[in-house]
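# Geometric and topological summary
For reference, the chains in residue letters:
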Amino acid sequence: STHAHSSVEKGIRVAGLQPEQLRLIDVDDTFAMRADALAAAIADDLAAGRTPFLVVATVGTTSSAAIDPVARIVGVARPHHMWVHVDAAYAGSAAVVPRLRPLVNDGLDGVDSWCFDPHKWLLTNFDCDVLYVADRAALIESLSVLPEYLRNAASESGAVIDYRDWHVPLGRRFRSLKLWFVLRRYGVSGLAEHVTRHVESARWLANQIDADDRFQRAAPTDLSLVCFVHRDGDEASAAVLEAVNASGKAFLTHTRLRERYVIRVAIGGTYTEQRHVEDLWSLIDSLGSG
């Protein structure tokens, strides 16, 4: 979609494709990809003699944490034999909470690949991305290069997995070890508690914003990202953000949604607690009329 992460475009370049081969699909009022717009883009490409082959859905966009309708996207792409990838870099961690699983995993059974970053919200040090593929054969066949000096009995028998065939580099770091330690230390219940606490803090902050006539939320708050604006306009919003950051008590970032300057409060740090969010709101409250 138009809100997909810039890494999608970078991946297109790495694959040797041209910028004009990338289609950006319009989003709806919640900033999620429109399945009907995707269908229209596919139809246009087919009519022009092109072959659509990949669609990237996002679960938890960077700007607003929007969640694309994966099940509907799969339904549109499948008749054309397109590969469907889901980028759940931030929001994928929410699946550790049973009540949030339907929100972030809807349609997952129909996709070809899915990834998320434990370093974003799952207490794992940077960098750590987890990639799942429904059928690894297609990935391996596309990247496998097997000179004689790499041939060995263990690989040929399938006793080991050669990850050089799974990605661009020939070697890879042992990222799984640090994720394993996190899983062992916190367990499912500990990780679920961590994510739930942040989602509840975001909901609390969203309620404070909704009750304040100086501010307005700019996007839904389904997980732990809160996007809002000052009703007086972009300059007022920017002034609040700059004052918060200058205080040294918190650090906020911004984005643009529908051409508006939007303040982003990302609640997901390892040590972030409700009291920190309350302190942040007290600071924003004191700056809101300034």
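Refer to the preceding data block for the structure.
Residues numbered from 1 in each chain as written. Predicted model: local features only at pLDDT ≥ 70, side-chain atom pairs only at ≥ 80, totals over all residues. Heavy atoms only, no water.

### Digging into the overall build of the chain
Helix and strand content of the chain: ten helices and eight strands. Overall, the C-alpha framework of the chain stretches about 70 × 50 × 35 Å when taken along its three principal axes. The buried share among the 290 residues of the chain stands at 42%. Of the roughly 16000 Å² of accessible surface on the chain, a fraction of 53% belongs to carbon and sulfur atoms. (Helix = DSSP H or I, 4+ residues; strand = E, 2+ residues; numbered from the N terminus. Buried < 20%, exposed > 50% of the residue type's maximum accessible area, 1.4 Å probe, protein only. Areas by Shrake-Rupley, 256 points an atom, 1.4 Å probe, with all protein chains shown as cover.)

### Observations regarding the packing of aromatic side chains
A full pass over the atoms with the stated rule returns seven aromatic pairs. Both rings, one in Tyr-90 and one in Trp-121, keep their centres 5.0 Å apart while their planes meet at 20°; by these two values the pair is stacked. Of this pair, Tyr-90 sits in the loop between strand 2 (83–87) and helix 4 (101–105) while Trp-121 sits in helix 5 (residues 118–121), and the two are 31 residues apart along the sequence. The same class applies to Tyr-90 as to Trp-121, namely buried. Taken together, the ring pairs in this structure connect Trp-114, Phe-116 and Tyr-132 into an aromatic cluster. The ring centre of Tyr-163 lies 3.8 Å from the NZ or CZ of Arg-172, which sits over that ring. (Phe/Tyr/Trp six-rings, centres within 6.5 Å; stacked < 30°, edge-to-face > 60°. Lys NZ or Arg CZ within 6 Å of the ring centre and 35° of its normal.)

### Considering the nonpolar core
Within the largest apolar cluster, 53 residues are counted, with the highest numbers of intra-cluster contacts made by Leu-38, Val-55, Val-59, Val-86, Val-104, Val-195 and Leu-223. For this core, the elements supplying multiple residues, two or more each, are helix 2 (35–47), strand 1 (54–58), helix 3 (70–77), strand 2, strand 3 (113–116), helix 8 (175–210) and strand 6 (225–230). It is helix 8 that provides the largest number of residues to this core, a total of six residues. Ignoring anything within four residues of it in the chain, the contact list for Val-59 reads Ala-66, Ile-67, Val-70, Val-86, Asp-87, Ala-88, Ala-91 and Val-104. Of all hydrophobic cores here, the second largest spans 20 residues; its members include Leu-205, Leu-252, Ile-263 and Ile-284. (Core = buried A, V, L, I, M, F, W, Y, C linked by side-chain atoms within 4.5 Å. Contact = heavy atoms within 4.5 Å.)

### As for the pattern of salt bridges
Overall, the coordinates contain 16 salt bridges when judged by the stated rule. Here Arg-256 ties to Asp-234 by a salt bridge, and the two come within 3.2 Å at their closest N and O atoms. On the criterion of sequence distance, the pair formed by Arg-256 in strand 7 (residues 253–257) and Asp-234 in helix 9 (residues 234–247) is long-range, its members being 22 residues apart. Among the ionic contacts, a cluster of salt bridges with common partners joins Arg-23, Asp-45 and Arg-50. (Salt bridge = Lys/Arg side-chain N within 4 Å of Asp/Glu carboxyl O.)

### Let's talk about the pairing of strand 7
In this sheet, strand 8 (residues 260–266) lies alongside strand 7 in antiparallel orientation, the contact comprising five bridges. If you follow Leu-257 over to strand 8, its bridge partner there is Arg-260. In this antiparallel pair of consecutive strands, strand 7 and strand 8, the connection spans two residues, and Arg-258 shows a positive phi of 50°. (Pairing = 2+ DSSP bridges.)

### Examining the sheet that holds strand 1
Strand pairing in a sheet relies on backbone hydrogen bonds, with the paired strands running either antiparallel or parallel. The sheet built from four strands is open, its strands ordered 1-2-3-4 with mixed pairing. Each edge of the open sheet is held by one strand with a lone partner, namely strand 1 and strand 4 (130–133). Averaged over neighbouring strand pairs, the angle between their axes works out to 15° when direction is ignored. Relative to strand 2, strand 1 is paired through five bridges, and the arrangement is parallel. Each residue of the ladder has a partner; that of Ala-57, found in strand 2, is Val-86. (Axes fitted to C-alpha atoms, helices over the stretch in contact; angles between N-to-C directions.)

### Regarding the side chain of Arg-214
Along the chain, Arg-214 falls in the loop between helix 8 and strand 5 (215–217). Of the polar contacts made by the side chain of Arg-214, one reaches the side chain of Asp-212; its length is 2.6 Å. (Polar contact = N/O pair within 3.5 Å; in protein donor to acceptor, adjacent residues only side chain to side chain.)

### Points about the sheet that holds strand 6
Taken together, the four strands give an open sheet; going across it, the order is 5-6-8-7, and neighbouring strands pair in antiparallel fashion. The two strands at the open ends of the sheet, each matched to only one other strand, are strand 5 and strand 7. Going across the sheet, the axis of each strand differs from the next one's by a mean of 40°, ignoring polarity. As defined by bridge partners, strand 5 adjoins strand 6 across three bridges and the pair is classed as antiparallel. Its bridge partner lying in strand 6, Gln-216 is registered against Val-229. Sheet contacts for helix 8: strand 5, strand 6 and strand 8; angle to strand 5, the most-contacted strand, approximately 135°.

Remember that the coordinates give geometry; whether it matters functionally is a separate question.
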